[in-house]
Amino acid sequence: MAATLRIQSDWSRALSKDEGEAWLSCRSPGKPTLYGSVTRRGLSSDGVPDIVASEGFVVGEVTKKSILISCPHENVSTKFLAPYTSFCRIHQKSITCLDISSGGGLGVSTSTDGTMKIWQAANGEIRRLLEGHVYDVNCCRFFPSGLVVLSGGMDAQLKVWSAEDASCVVTFKGHKGGILDTAIVDRGRNVLSCSRDGTARLWDCGKSACLGTIADCGSAINGIAAGTASTSLNLGTPQKPPSEREVGTEGKILLLAREDKKLQGVGLQSRQPVFLFIGSDAFNCCTFLSSTYILAGTQDGNIYQLDVRNTNAPIQVIHRSGAPVLSLLPYRDGFIASQGT
């Protein structure tokens, strides 16, 4: 298990002035945490900050937007990147979920302040306040068009919103517990949701109706992801012909990140189980790297990479720290992971 090197504050702000300081920590499982700091002493002739580290840490390459710091004692180094831009006035408390429209023009986010807002991605200007859920909103995402938003809340309701006028055009009811994640099938005629009630459901947006329960696990489903399956994978056969309202489910597999330490794959059209993998702790999130390879993150900090054709053993298990893995996003040839504290 590798050591984890962290800066405990917004280092780009802390080091933007002379004698600015940011705090460091390096944590290795089973060992005492090492603490230190980095301090800015001024600017070099080409405008790059002159930064030094306290004992036990070493500052490597420094640019106007990044800083490389290592901890030789634990043989670990990390490059910290400054934010491209920061929006501080959209929410008053922690952000719980966000998404950016396919065109990149709009953002949508939910917060522990109880609000869900649409804003300009370029400058953070708030465009719409989406009101209608009772209690917390857990998840939000844009449809592929970028003009419509899907959200799910602790009120067990799934809602579809117009990003243009903030009206709620569809409300789905049927879950018995708070909705924890959603997915959109193809262009969005059908959508998916998962809940604390242990079910994953398929919905028809046009008729505002539930097309069926994809899985009933008996345990909360914390995250889902729908993707095209490898052609060599047996997805099973539906017990009855699918509804004519069901669009784009053929050849798809639905991943279920479950609270009971299980990661499950289900044929989206067949509703038949494809695989079941048992991890080290509750699974919080999952995603596709390709039609063959998937990722899933657990509460105890593990990221599992699996081949859906053979899930008897993971391809690799990545463990940077014991902090819960909260989200995973494919990016270029790799992926981005977020972890709690």
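Residues numbered from 1 in each chain as written. Predicted model: local features only at pLDDT ≥ 70, side-chain atom pairs only at ≥ 80, totals over all residues. Heavy atoms only, no water.

### Quick notes on the sheet that holds strand 25 (residues 293-298)
Then step 1. Read from one edge of the open sheet, four strands run 24-25-26-27, paired in antiparallel fashion. For this open sheet the edge positions go to strand 24 (283-288) and strand 27 (316-319), each flanked by a neighbour on one side alone. Averaged over all pairs of adjacent strands, the angle between strand axes in this sheet comes to 20°, irrespective of strand direction. (Pairing = 2+ DSSP bridges. Helix = DSSP H or I, 4+ residues; strand = E, 2+ residues; numbered from the N terminus. Axes fitted to C-alpha atoms, helices over the stretch in contact; angles between N-to-C directions.)

### A look at the domain arrangement of the protein
Then step 1. Structurally, the protein comprises domain 1 (4-81), domain 2 (87-173) and domain 3 (177-340).
Then step 2. Taking the mean C-alpha position of each, domain 1 and domain 2 sit 35 Å from one another. (Domains from an automatic or database assignment.)

### Focus on the sheet that holds strand 7 (residues 76-81)
Then step 1. Spatially, 5-6-7 is the arrangement adopted by the three strands of the open sheet, whose pairing is antiparallel. Looking at strand neighbours, the two that pair on one side only are strand 5 (58-62) and strand 7, the edges of this open sheet. Across the sheet, the mean angle from the axis of one strand to that of its neighbour is 20°, orientation sign disregarded.

### Digging into the packing of aromatic side chains
Then step 1. Per the stated rule, a full pass over the model turns up five aromatic pairs.
Then step 2. For the pair Phe-172 and Trp-203, a centre-to-centre distance of 5.1 Å together with 40° between the ring planes defines the contact as tilted. With a gap of 31 residues between them, Phe-172 in strand 15 (residues 168-173) and Trp-203 in strand 18 (residues 199-204) connect regions that are remote in the sequence. One exposure class covers both Phe-172 and Trp-203, and it is buried.
Then step 3. A centroid spacing of 5.7 Å and a plane angle of 55° characterise the contact between Phe-283 and Tyr-304, whose relative ring orientation is tilted. Of this pair, Phe-283 sits in strand 24 while Tyr-304 is found in strand 26 (residues 302-307), placing the two residues 21 residues apart along the sequence.
Then step 4. Taken together, the aromatic side chains of Phe-277, Phe-283 and Tyr-304 make up a single cluster linked through ring pairs. (Phe/Tyr/Trp six-rings, centres within 6.5 Å; stacked < 30°, edge-to-face > 60°. Buried < 20%, exposed > 50% of the residue type's maximum accessible area, 1.4 Å probe, protein only.)

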